[in-house]
Amino acid sequence: MIPSGAWSISPPGVDGDVRERYHAAKFADQRAFSASLGFASCLVAPSLWIWDRVVDPVHAPETLLLRLLMGALMLAYPLAVLAGVARRWLLPLMVGCAFAMQLLFAAILDRLDGGALLGPGGYLFFQLIAPLIMIPFPPRGSVLAVVGLFVLPLAASFAGLPAGLDRSMYLVMNGAAALVAVFSVLVLDRLTLRNYLGQVEL
């Protein structure tokens, strides 16, 4: 017989004070990894201009500035981590930057010949990288962020950005990726919490 708490997100019997200490310890332990991945993303976003060049050499020069802006936006998050910005502001900052990057990516797709057809695959970058950067944060906010990153490109496509995005393909590819991301966020947090509780008891 399966215990009643077996499927809960967190182990049973964790009160608010313990949970807050856990979140503080988790952030302190994993903030360096998150910031490092943020810095890496700053480099990846502009370097993907090579992809623009391969897809559409004629219009690729029009996307270079947008790619640089994507990298500059992502730089705000790791710099804020290093500057000691309060934890409660860092996740909204990171998600806000990611939302802006998604809109810039949609504008890039709009400038490339056939870019909208390749868009569903390009949006996977956000579903795969963002959950890793959000590892130090509480799972509830991270899950909401994953859902937001999935919904925003769909909403933008109804506004014509980019024109011609294959929504069915987007739903299939990014929907599956979002489910995996949510599952990963919850499971990793549960495992980390169990390890923390085990260390506290020792």
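The paragraphs below set out a description of the structure included in this document. For clarity, every value in this text was computed on a predicted model and none was experimentally measured.

On to the overall build of the protein, then. When helices and strands are tallied, the protein shows eight helices and zero strands. The principal-axis extents of the C-alpha atoms in the protein amount to approximately 65 × 45 × 25 Å. Within the protein, buried positions represent 42% of all 202 residues. If you take every contact in the protein between residues at least 6 apart in sequence, the share linking residues at least 24 apart comes to 77%. For the protein, the computed accessible surface area is about 10,500 Å², with 71% contributed by carbon and sulfur atoms. Within the protein, one finds 13 positive and 12 negative side-chain charges whose respective centroids are separated by 7 Å.

The next thing to look at is unusual backbone geometry. Omega for the peptide link from Leu161 to Pro162 comes to -5°, which places this bond in the cis form. Secondary-structure assignment places Pro162 in the loop between α7 (139-158) and α8 (167-201).

With that out of the way, let us pick up the side chain of Asn174. The residue Asn174 is located in helix α8 in this model. Excluding anything up to four places from it in sequence, Asn174 contacts Pro120, Tyr123, Leu124, Gln127 and Phe150.

With that settled, consider the packing of helix α4 (residues 87-111) against helix α6 (residues 124-133). The axes of two packed helices give the description: the angle between them and the distance between them. At a closest axis distance of 12 Å, the pairing of α4 and α6 adopts a crossing angle of 165°. For the element pair α4 / α6, the angle class is roughly antiparallel. Crossing handedness for the pair α4 and α6: right-handed. Facing Met94, Ala98, Met101, Gln102 and Phe105 of α4, the residues of α6 in contact are Phe126, Ala130 and Ile133. Within the contact of α4 with α6, the residues separate by chemical class into seven nonpolar, one polar and no charged.

This paragraph deals with the environment of Phe126. In this structure, Phe126 sits in helix α6. Residue class for Phe126 comes out buried when judged on its relative accessible area of 5%. Residues Phe126 and Val146 lie 20 residues apart in sequence; the distance between their C-alpha atoms is 8.7 Å. When neighbours within four sequence positions are excluded, Phe126 is seen to be in contact with Met70, Ala98, Met101, Gln102, Phe105, Pro131 and Leu149.

Judged by nonpolar contacts, the single largest core of 42 residues is most densely connected at Met70, Tyr77, Met94, Tyr123 and Met134. When residues of this core are traced back to their parent elements, those giving at least two are α1 (16-47), α3 (64-82), α4, α6, α7 and α8. Looking at this core element by element, the count peaks at twelve residues for α4. Beyond its immediate chain neighbours, meaning those up to four positions away, Met70 contacts Ala45, Met101, Leu104, Phe105, Ile108 and Phe126. Among the nonpolar cores identified, the runner-up in size contains five residues, and Val18, Leu193, Tyr196 and Leu197 belong to it.

One pass over the full model with this rule turns up one cavity of 30 Å³ or more. If you go around the largest cavity, the residues you meet are Ser41, Met74, Met94, Ala98, Met101, Phe125, Phe126, Ile129, Ala130 and Ile133. Residue assignment for the lining of the largest cavity shows that the elements contributing at least two residues are α4 and α6. Sort the elements by how many residues they give to the lining of the largest cavity and α6 lands first, with five residues. Considered class by class, the residues forming the lining of the largest cavity number nine nonpolar, one polar and no charged.

Conventions and cut-offs
- Residues numbered from 1 in each chain as written.
- Predicted model: local features only at pLDDT ≥ 70, side-chain atom pairs only at ≥ 80, totals over all residues.
- Heavy atoms only, no water.
- Helix = DSSP H or I, 4+ residues; strand = E, 2+ residues; numbered from the N terminus.
- Buried < 20%, exposed > 50% of the residue type's maximum accessible area, 1.4 Å probe, protein only.
- Contact = heavy atoms within 4.5 Å.
- Areas by Shrake-Rupley, 256 points an atom, 1.4 Å probe, with all protein chains shown as cover.
- Lys, Arg positive; Asp, Glu negative; His and termini not counted.
- Charge placed at Lys NZ, Arg CZ, Asp CG, Glu CD.
- Axes fitted to C-alpha atoms, helices over the stretch in contact; angles between N-to-C directions.
- Parallel < 35°, antiparallel > 145°, perpendicular 65-115°, else oblique.
- Left-handed = near helix turned anticlockwise from the far one by under 90°.
- Nonpolar A, V, L, I, M, F, W, Y, C, P; charged D, E, K, R; others polar.
- Core = buried A, V, L, I, M, F, W, Y, C linked by side-chain atoms within 4.5 Å.
- 1 Å grid on protein atoms, 1.4 Å probe; cavity = no way out; pocket = protein on both sides within 12 Å on 5 of 7 lines; lining within 4 Å.
- Points joined across faces, edges and corners; volume = space filled by probe spheres on them.

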